[in-house]
Amino acid sequence: QVTVVESGGGLVQPGGSLRLSCVASGSIFSLNNVGWYRQVPEKQRELVASISPGGDKNYSDSVKGRFTISRDNAKNAVYLYLSSLKPEDTAVYYCNADGSLYGGSFFDSWGQGTQVTVST
């Protein structure tokens, strides 16, 4: 069983910054692709950034140049640095991680989400 936990959300003023953390725990042999998604009420969850096991990064056009994704493989952690925040960045941010477990099985797990609110 794998648990994915996000943290770091909160209330921030426009133009501000936050760092979100995503930590996967369990009998993880390797943490592979990790993606940060966000969702607002009545809209589909959208992918904002992803990172491959080798560190290749992809960003949605709406966050490119403002958000930075990084990973610490030793800690099974992935971070999302949000800067130059706008009110439209307000959402619940979710982390999705996949990989393999000791014993050979695979996992694809979501965290519970962390709220980011950008407002004066």
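Residues numbered from 1 in each chain as written. Predicted model: local features only at pLDDT ≥ 70, side-chain atom pairs only at ≥ 80, totals over all residues. Heavy atoms only, no water.

Asks: Which parts of the structure should I look at to understand the pattern of salt bridges?
Replies: If charged atoms from side chains of opposite charge come close, those side chains can pair. Counted by the stated rule, this structure contains 4 salt bridges. Of the charged contacts, one joins Lys 64 and Asp 61 as a salt bridge, the two residues approaching to 3.3 Å between their closest N and O atoms. Each member of the pair Lys 64 and Asp 61 is classed as exposed. When salt bridges that share partners are traced, they join Arg 38, Glu 46, Arg 66 and Asp 89 into one network. (Salt bridge = Lys/Arg side-chain N within 4 Å of Asp/Glu carboxyl O. Buried < 20%, exposed > 50% of the residue type's maximum accessible area, 1.4 Å probe, protein only.)

Asks: When you look at the state of the cysteines in this model, what are you seeing that I'm missing?
Replies: The term disulfide refers to a covalent linkage connecting the sulfur atoms of a pair of cysteines. A full pass over the atoms with the stated rule returns 1 disulfide. Between the sulfur atoms of Cys 22 and its disulfide mate Cys 95 the distance is 2.0 Å. On the sign convention where negative is left-handed, the bridge of Cys 22 and Cys 95, at about -70 degrees about the S-S bond, is left-handed. Here Cys 22 is found in strand 3 (residues 18–26), whereas its partner Cys 95 is found in strand 9 (residues 91–101), with 73 residues between them in sequence. The class of Cys 22 is buried, set by a relative accessible area of 3%. (Disulfide = S-S within 2.5 Å. Helix = DSSP H or I, 4+ residues; strand = E, 2+ residues; numbered from the N terminus.)

Asks: Teacher, can you tell me more about the packing of aromatic side chains here?
Replies: Geometrically, a pair of aromatic rings is defined through the distance of the ring centres and the angle of the planes. A complete count under the given rule lists 2 aromatic pairs for this structure. On the numbers, 5.4 Å between centres and 80 degrees between planes, the contact of Phe 29 with Tyr 102 is edge-to-face. One end of the pair, Phe 29, is in strand 4 (residues 28–39); the other, Tyr 102, is in the loop between strand 9 and strand 10 (106–110), with 73 residues separating them in the sequence. In terms of burial, Phe 29 and Tyr 102 fall into one category: exposed. Just above the ring of Tyr 79 sits the side chain of Arg 19; from NZ or CZ to the centre is 4.3 Å. Here the basic side chain of Arg 45 rests over the ring of Tyr 94, its NZ or CZ set 3.7 Å away from the ring centre. (Phe/Tyr/Trp six-rings, centres within 6.5 Å; stacked < 30°, edge-to-face > 60°. Lys NZ or Arg CZ within 6 Å of the ring centre and 35° of its normal.)

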